[in-house]
Amino acid sequence: MTLDDVLHDIHAMREDLLVFERKYGVPTEMFYEAYRTGEEPADSSWVLDWSEWAASYQILQERLALFGDESRRLLQSAQVTSYVDLMERTARHESITVSR
């Protein structure tokens, strides 16, 4: 997996979350707090959406953490010289492989 792949996943998850936020009328963070504490929708037809919404949010959080961790690792290992260097390389879609 490359940093470009991770960023692609981040964008896809954000798009998925926007669909749910528009459908249910609340920000994902508010939904997720209710979901995390075990609240369930009154409408049983919403259950599958809620599971997918929660999974998309969890994947987004994992990918954001991975992108940040890998960016810092690349800087510490001198594989990139700065965040600007990283941005230039990712903007050119250079294949920067993540370590995990």
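Residues numbered from 1 in each chain as written. Predicted model: local features only at pLDDT ≥ 70, side-chain atom pairs only at ≥ 80, totals over all residues. Heavy atoms only, no water.

Trainee: Quick question: what am I supposed to make of the nonpolar core here?
Mentor: Where a protein is soluble and globular, its nonpolar side chains tend to be buried together. With 20 residues, the main nonpolar core has Leu3, Phe31, Trp53, Leu74 and Leu86 as its most contacted residues. Elements with a minimum of two residues in this core: helix H1 (3-24), helix H2 (28-36) and helix H3 (47-76). In this structure, Trp53 is in contact with Leu17, Phe20, Glu21, Tyr24, Val26, Pro27, Thr28 and Phe31, ignoring residues within four places of it in sequence. (Core = buried A, V, L, I, M, F, W, Y, C linked by side-chain atoms within 4.5 Å. Buried < 20%, exposed > 50% of the residue type's maximum accessible area, 1.4 Å probe, protein only. Helix = DSSP H or I, 4+ residues; strand = E, 2+ residues; numbered from the N terminus. Contact = heavy atoms within 4.5 Å.)

Trainee: So what exactly am I meant to see when it comes to the packing of aromatic side chains here?
Mentor: The description of an aromatic ring pair uses the distance of the two centres, along with the angle that the planes make with each other. On inspection of all chains with the given rule, the structure shows 8 aromatic pairs. Both rings, one in Phe20 and one in Trp53, keep their centres 5.6 Å apart while their planes meet at 20°; by these two values the pair is stacked. Pair noted here: Phe20 is in helix H1 and Trp53 is in helix H3, with a separation of 33 residues, a long-range link. Judged on exposure class, the residue Phe20 and its partner Trp53 are both buried. Taking the centre distance of 5.2 Å and the plane angle of 85° together, the rings of Phe31 and Trp50 count as edge-to-face. On the criterion of sequence distance, the pair formed by Phe31 in helix H2 and Trp50 in helix H3 is long-range, its members being 19 residues apart. With respect to burial, Phe31 and Trp50 carry one shared label: buried. Each residue in the set Phe20, Tyr24, Phe31, Tyr32, Tyr35, Trp46, Trp50, Trp53 and Tyr57 is aromatic and connected to the rest through ring pairs, giving one cluster. (Phe/Tyr/Trp six-rings, centres within 6.5 Å; stacked < 30°, edge-to-face > 60°.)

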